[in-house]
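As a plain string of letters, each chain reads:
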Amino acid sequence: MMTTPDTDRWLRRVNPNSQARLRCFCLPYSGGNARLFQAWGQHLPTCVEVCALELPGHGARLTEPPLDNVDEMLRAIAQVIQPLCDRPFVLFGHSMGALIGFELARYCRRHGLPMPAHLYVSGHRAPQLPDPEPPVHTLPEAAFREKLTRLQGTDPAVLANDEFMALLLPVLRADFALCETYTYVAEPPLPCPITAFGGTRDPATQRGKLRAWRSQTQAKFTQHVLPGNHFFIHAAEASLLHQLSLSLTALAEVSPGPQGLSTGHLFGTGD
């Protein structure tokens, strides 16, 4: 298996494992980066290699222009992960990452690329549901900062640091723009199972918004509601990783591993 410079720039292989039976590609929320998943390799099954996406403008790539368009993001990620699709893989995404993960799975199907064996979506309403909130990516700076404060996902010390916020605000605006300008297009349900995670106090996944993911898969659908607000991925991380570990362990048991892969069997076919 060969990687390219682009792959190395986009991906952080948290626990490199050439004998892994599964790879888990992790996509962050708006403003997040690959470090969000740094500890996951210690808590998920040893047969799973965690590969965290480092998006342009985020984390170690903060000086690069961020992408604010879903289609451009999908083309880039699909190309980047291909060298690592030599065995079954799954996608996990939280909030913006869930939306990207869902559309990445559909992109792979449209283009005849290997499909994920499982899609894990977290902290995002089902994509066919309209966004009930007005767009914020075009707000004046003061109003935009106030929105970030209400979301409780950015450290108050960071919000108070004008120098750092000057770097971070364009990235956050681009992330919000990517989500808020997204247009859902109906396609047949995905062939892979979907597991959806939500928070008890997360408006994005309340009142049936999480359960509505069921219509996006032909296979098994599972949902877990964990304690916390929109950022339950941190507050309830242990519970989330426990459920994820159970699911990945079961999947690894039927995975052929690095050799003898059957893309039609575990990935589905890209029709």
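The rules behind these values
Residues numbered from 1 in each chain as written. Predicted model: local features only at pLDDT ≥ 70, side-chain atom pairs only at ≥ 80, totals over all residues. Heavy atoms only, no water. Helix = DSSP H or I, 4+ residues; strand = E, 2+ residues; numbered from the N terminus. Rg over C-alpha atoms; globule rule 2.2 N^0.38 Å. Buried < 20%, exposed > 50% of the residue type's maximum accessible area, 1.4 Å probe, protein only. Contact = heavy atoms within 4.5 Å. Areas by Shrake-Rupley, 256 points an atom, 1.4 Å probe, with all protein chains shown as cover. Polar contact = N/O pair within 3.5 Å; in protein donor to acceptor, adjacent residues only side chain to side chain. Pairing = 2+ DSSP bridges. Axes fitted to C-alpha atoms, helices over the stretch in contact; angles between N-to-C directions. Salt bridge = Lys/Arg side-chain N within 4 Å of Asp/Glu carboxyl O.

Student: When you look at the overall build of the protein in this model, what are you seeing that I'm missing?
Tutor: Along the backbone of the protein there are 9 helices and 7 strands. Taken against the 2.2 N^0.38 rule, which gives 18 Å for 271 residues, the C-alpha radius of gyration of the protein at 18 Å falls within 12% of a compact globule. For the protein, the spread of C-alpha atoms along the three principal axes comes to 55 × 40 × 35 Å. Per-residue burial over the protein gives 52% buried out of 271 residues. Long-range contacts, defined as pairs at least 24 residues apart, comprise 80% of the intrachain contacts of the protein with a sequence gap of at least 6. Accessible surface, the protein as shown: approximately 11900 Å² in total, 54% of it carbon and sulfur.

Student: Teacher, can you tell me more about the side chain of His-118 here?
Tutor: Within the element layout of this structure, His-118 appears in strand 5 (residues 118-122). Note on His-118: relative accessible area 9%, which makes it buried. A distance of 2.8 Å separates the side chain of His-118 from the side chain of Thr-195, its partner in a polar contact. Those residues within four positions of His-118 in sequence are excluded, and the remaining contacts are Phe-89, Val-90, Leu-91, Cys-192, Pro-193, Ile-194, Thr-195, Ser-247 and Leu-251.

Student: Just to check I follow, could you spell out the sheet that holds strand 1 (residues 11-13) for this structure?
Tutor: Pairing in this open sheet of 7 strands is mixed, and the strands run 1-3-2-4-5-6-7 from one edge to the other. Sheet topology places strand 1 and strand 7 (221-226) at the edges, where each strand pairs with a single neighbour. Taking each pair of neighbouring strands and ignoring which way they run, the sheet shows an average axis angle of 20°. Here 5 bridges tie strand 4 (residues 89-94) to strand 5, and the two strands are oriented parallel to one another. In the strand pairing of strand 5, Leu-91 is matched with Leu-119. Across the face of the sheet, helix 8 (residues 237-253) comes into contact with strand 2 (22-27), strand 3 (48-53), strand 4, strand 5, strand 6 (194-199) and strand 7 while running at roughly 170° to strand 5.

Student: Before we go on, may I ask you to explain the pattern of salt bridges in this structure?
Tutor: Think of it this way: side chains of opposite charge can pair up when their charged atoms draw near. Taken as a whole, this structure holds 13 salt bridges when the rule is applied. A salt bridge links Arg-87 to Asp-86, with the nearest nitrogen and oxygen atoms 3.0 Å apart. Judged by its relative accessible area of 4%, Arg-87 is buried. Residue Asp-86 is classed as partly exposed on the basis of its relative accessible area of 23%.

Student: What is the right way to look at the pairing of strand 6 in this model?
Tutor: Successive residues of a regular strand alternate their side chains across the two faces of the sheet. Of all 6 residues in strand 6, 6 are buried, a share of seventy percent or more. Bridging between strand 5 and strand 6 involves 4 bridges; their strand directions are parallel. Looking across to strand 6, one finds that Ser-122 is bridged to Phe-197. In this structure, strand 6 lies alongside strand 7, joined through 6 bridges in parallel fashion. Residue pairing across strands places Ala-196 opposite Gln-223, the latter belonging to strand 7.

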